[in-house]
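Here is what each chain is made of, one letter per residue.
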Amino acid sequence: DTEVTQTPKHLVMGMTNKKSLKCEQHMGHRAMYWYKQKAKKPPELMFVYSYEKLSINESVPSRFSPECPNSSLLNLHLHALQPEDSALYLCASSQDVSGVNTGELFFGEGSRLTVL
Amino acid sequence: ILNVEQSPQSLHVQEGDSTNFTCSFPSSNFYALHWYRWETAKSPEALFVMTLNGDEKKKGRISATLNTKEGYSYLYIKGSQPEDSATYLCALRNTGNQFYFGTGTSLTVIP
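Residues numbered from 1 in each chain as written. Chains lettered and ligands numbered in written order. Predicted model: local features only at pLDDT ≥ 70, side-chain atom pairs only at ≥ 80, totals over all residues. Heavy atoms only, no water.

*Asks:* Is there a simple way to explain the nonpolar core in this structure?
*Replies:* One broad rule of soluble globular proteins: the nonpolar side chains tend to lie buried together. Formed by 25 residues in total, the largest nonpolar core has its most connected members in B:Phe21, B:Leu33, B:Trp35, B:Leu75, B:Tyr88 and B:Leu107. With 4 residues, strand β9 (residues 86-93) of chain B is the single largest residue contributor to this core. In contact with B:Leu75, other than residues within four places in its own chain, are B:Thr19, B:Asn20, B:Phe21, B:Trp35, B:Leu47, B:Phe48, B:Ile62, B:Ser63, B:Ala64 and B:Tyr88. One finds A:Trp34, A:Phe47, A:Val60 and A:Ala87 within the second-largest nonpolar core, a separate group that totals 22 residues. (Core = buried A, V, L, I, M, F, W, Y, C linked by side-chain atoms within 4.5 Å. Buried < 20%, exposed > 50% of the residue type's maximum accessible area, 1.4 Å probe, protein only. Helix = DSSP H or I, 4+ residues; strand = E, 2+ residues; numbered from the N terminus. Contact = heavy atoms within 4.5 Å.)

*Asks:* Whenever I open this one, the packing of aromatic side chains confuses me. Can you help?
*Replies:* The relative placement of two aromatic rings is captured by the distance of their centres and the angle of their planes. Using the criterion set out here, one finds 13 aromatic pairs over all chains in the structure. Aromatic pair A:Phe107 and B:Phe101: ring centres 6.1 Å apart, planes at 65°, arrangement edge-to-face. Taken as a pair, A:Phe107 in strand β10 (residues 106-107) and B:Phe101 in strand β10 (residues 99-101) lie in two separate chains rather than in one. Since its relative accessible area comes to 3%, A:Phe107 is described here as buried. Ring geometry for B:Tyr36 against B:Phe101: centres 5.9 Å apart, planes inclined by 45°, an arrangement best described as tilted. Residue B:Tyr36 is found in strand β4 (residues 32-38), and its partner B:Phe101 is found in strand β10; the two are separated by 65 residues along the sequence. A relative accessible area of 0% means that B:Tyr36 is categorised as buried. Sitting above the plane of the B:Phe48 ring, B:Lys59 keeps its charged end 5.9 Å from the centroid. (Phe/Tyr/Trp six-rings, centres within 6.5 Å; stacked < 30°, edge-to-face > 60°. Lys NZ or Arg CZ within 6 Å of the ring centre and 35° of its normal.)

*Asks:* Whenever I open this one, the pairing of strand β5 (residues 44-50) of chain A confuses me. Can you help?
*Replies:* It is a general feature of regular strands that their side chains alternate between the two faces of the sheet. Residue and element names in this part refer to chain A. Taking burial as the measure, the 7 residues of β5 include 6 buried ones, the bulk of the element. Looking at chain direction, strand β4 (residues 31-37) and β5 are connected through 6 bridges and run antiparallel. Paired with Lys36 across the two strands is Glu44, which belongs to β5. Linking β4 to β5, which pair antiparallel, is a turn of 6 residues; within it Lys40 sits at a positive phi near 65°. For β5 and strand β6 (residues 53-57), the ladder comprises 4 bridges, and the chain directions are antiparallel. (Pairing = 2+ DSSP bridges.)

Shown next, in the form of structure tokens:
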């Protein structure tokens, strides 16, 4: 059983819709991540939150808007997406990597997004 | 950005065979190398984290080595079982929170 929970597992949306992906972890991790993965490609980092503050934005288009309401929750708000944004969106968490922690990522099972 | 390459892209082996695959990278300028195992319809799961040249890690029938001077890591599976079928991902982590993943090796173990 994964300790990182993502909802929904599947989402189909039109290009004018507004939707959100949600991620939750209760391991006390202080770093949370959004990755995007397309078929046959490696997971690509989108955003990193460290101690509830956005620390990395890998030049992601503004139609993706992350939010970290508290240390256990991470959202990804979606608006005016394009069909090429269809992908698997993976959430992950880790202990803060600034210390001696191994920094391994704990992943959710992903949200499969289809944009029509 | 760290360019991580994995080979082969896919692999089919018979149950009981031993196998290995490679993660290669052009630079030793990273903090750690991670291996993850990703079964279909599940979440990627951490196998190993290695930081030092010459590191060797083992978990049951699976082991990994790291050579930072020549820029590669090997993952070995001894006596493959059908439950080992998965995609094995390699990732480099820099001193921040950025992980750079390879495309993975998809392993199928045939009973």
